[in-house]
2 protein chains.
Amino acid sequence: MPEDLNTGVLLYLPYRAMETRVFEELAAAGFDFTPSQARVFQRIAPDGSRLSDLARQAGITKQSTAFLVDQLERLGYVDRVPDPDDGRARLVRITERGHRSVEASRAVVARVEAEWEAHLGARRMAQLRRILTDLREITDPWR
Amino acid sequence: MPEDLNTGVLLYLPYRAMETRVFEELAAAGFDFTPSQARVFQRIAPDGSRLSDLARQAGITKQSTAFLVDQLERLGYVDRVPDPDDGRARLVRITERGHRSVEASRAVVARVEAEWEAHLGARRMAQLRRILTDLREITDPWR
DNA sequence: CAAACAGGTCAGAGTGTCTGACCATCTCGT
DNA sequence: ACGAGATGGTCAGACACTCTGACCTGTTTG
């Protein structure tokens, strides 16, 4: 049973562990996100993003994106301002509270990566990251 | 931008690529599954499983499991028979058609793994799998 | 053998997603 | 310089998956 796991599952297990830790520790710090909200929130550019760009990047419809951005706005993570360059558009921007949640999640990721490195050793951790980065060339749909 | 991706994302990209390929090629071969259906279907034991066991393993409620098993049954991938050992229970079993879909998905996984190995080289592919297997010790919630 | 437990179903609600239709604004070719 | 088409966004309605709570039927156990 142990060794014949397919490589997809082998990748999924640590990915999922990372994700779970981030959501748990974020929630413990008072930052509640659903996975769907996070998927959109993650993609907001530093100086704000348009709804349609977020939709495209997240791979969901504009309508679903609007639904989720409404929630993020209600939760205080983002606000919306008119786009100065385009009268049709509004920019979704990360608020102060939003930035604090980003920082918190960055910290959790760093903590988990440190745990992994402690388990694997620095050398194999670096190898893992190099191999995955290489694999990205043929598996990353956004190049 | 390229190298500072966190390890979670780095794991997710190839995992997601694998998953997408499996669903696409399965669909092309006439086997349609939603991700939710697949999550339950995957966990059916060779000699059949109880609904409650599937629910526990998939981490969803019995009701949701029943909902998905109904669909799998309608699609012809599983059937249900009374459990000879427990009058309350029924066993969910994989049908002939279900087995064919399992075989098809196994083939897609093998194909994708071969592509990855061609890109990375056999040596690094093996390294990747070894490191991930090792990482499983601290990230696999089902031990 | 009664009480507690386990397997399963029914009913109702919430969330995230989609498609289709629509309006407002911008861009570009003539 | 203007009209056609593209783009940004919203509204309305539907569907898929999930949950909680209540319940029934059988099994196990003190």
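Going by an unreviewed UniProt entry, chain A carries the name HTH marR-type domain-containing protein and comes from Actinomycetospora straminea.

Caption draft 1: Expanded view of the pattern of salt bridges. All names here are of chain A. Counted by the stated rule, this structure contains 32 salt bridges over all chains. Salt-bridge contacts for R80 lead to E73; the nearest nitrogen and oxygen are separated by 3.1 Å. Under the relative-accessibility criterion, R80 is labelled buried at 18%. The network of salt bridges with common partners includes R21, E25, R111 and E115.

Caption draft 2: Spotlight on the packing of aromatic side chains. Residue and element names in this part refer to chain A. A full pass over the atoms with the stated rule returns eleven aromatic pairs over all chains. Ring centres of F33 and Y77 lie 4.2 Å apart, and the angle between their planes is 20°; on these two criteria the pair is classed as stacked. Taken together, the positions of F33 in the loop between α1 (7-28) and α2 (35-41) and Y77 in the loop between α4 (62-74) and β2 (78-82) put the pair 44 residues apart, joining distant regions of the chain. Residue F33 shares its accessibility class with Y77, and that shared class is buried.

Caption draft 3: The protein's contact with DNA strand D, seen in detail. Around DNA strand D, 25 residues are found, and the nearest of them are S52, K62 and R88 of chain A together with Q63 and G87 of chain B. Between DNA strand D and L51 of chain A there is a distance of 3.0 Å, counted from a phosphate oxygen to a backbone nitrogen or oxygen. Measuring from a phosphate oxygen of DNA strand D, one finds a backbone N or O atom of T61 of chain B at 2.9 Å. Of all the secondary structure elements, the ones that give two or more residues to the surface near DNA strand D are α3 (51-58) and α4 of chain A together with α2 (35-41) and α4 (62-74) of chain B. Broken down by element, the surface near DNA strand D gets its largest block of residues, five residues, from α4 of chain B. Class assignment of the residues belonging to the surface near DNA strand D gives a composition of six nonpolar, ten polar and nine charged.

Here is what the cut-offs are and how they apply
Residues numbered from 1 in each chain as written. Chains lettered and ligands numbered in written order. Predicted model: local features only at pLDDT ≥ 70, side-chain atom pairs only at ≥ 80, totals over all residues. Heavy atoms only, no water. Salt bridge = Lys/Arg side-chain N within 4 Å of Asp/Glu carboxyl O. Buried < 20%, exposed > 50% of the residue type's maximum accessible area, 1.4 Å probe, protein only. Phe/Tyr/Trp six-rings, centres within 6.5 Å; stacked < 30°, edge-to-face > 60°. Helix = DSSP H or I, 4+ residues; strand = E, 2+ residues; numbered from the N terminus. Near = heavy atom within 4 Å. Polar contact = N/O pair within 3.5 Å; in protein donor to acceptor, adjacent residues only side chain to side chain. Nonpolar A, V, L, I, M, F, W, Y, C, P; charged D, E, K, R; others polar.

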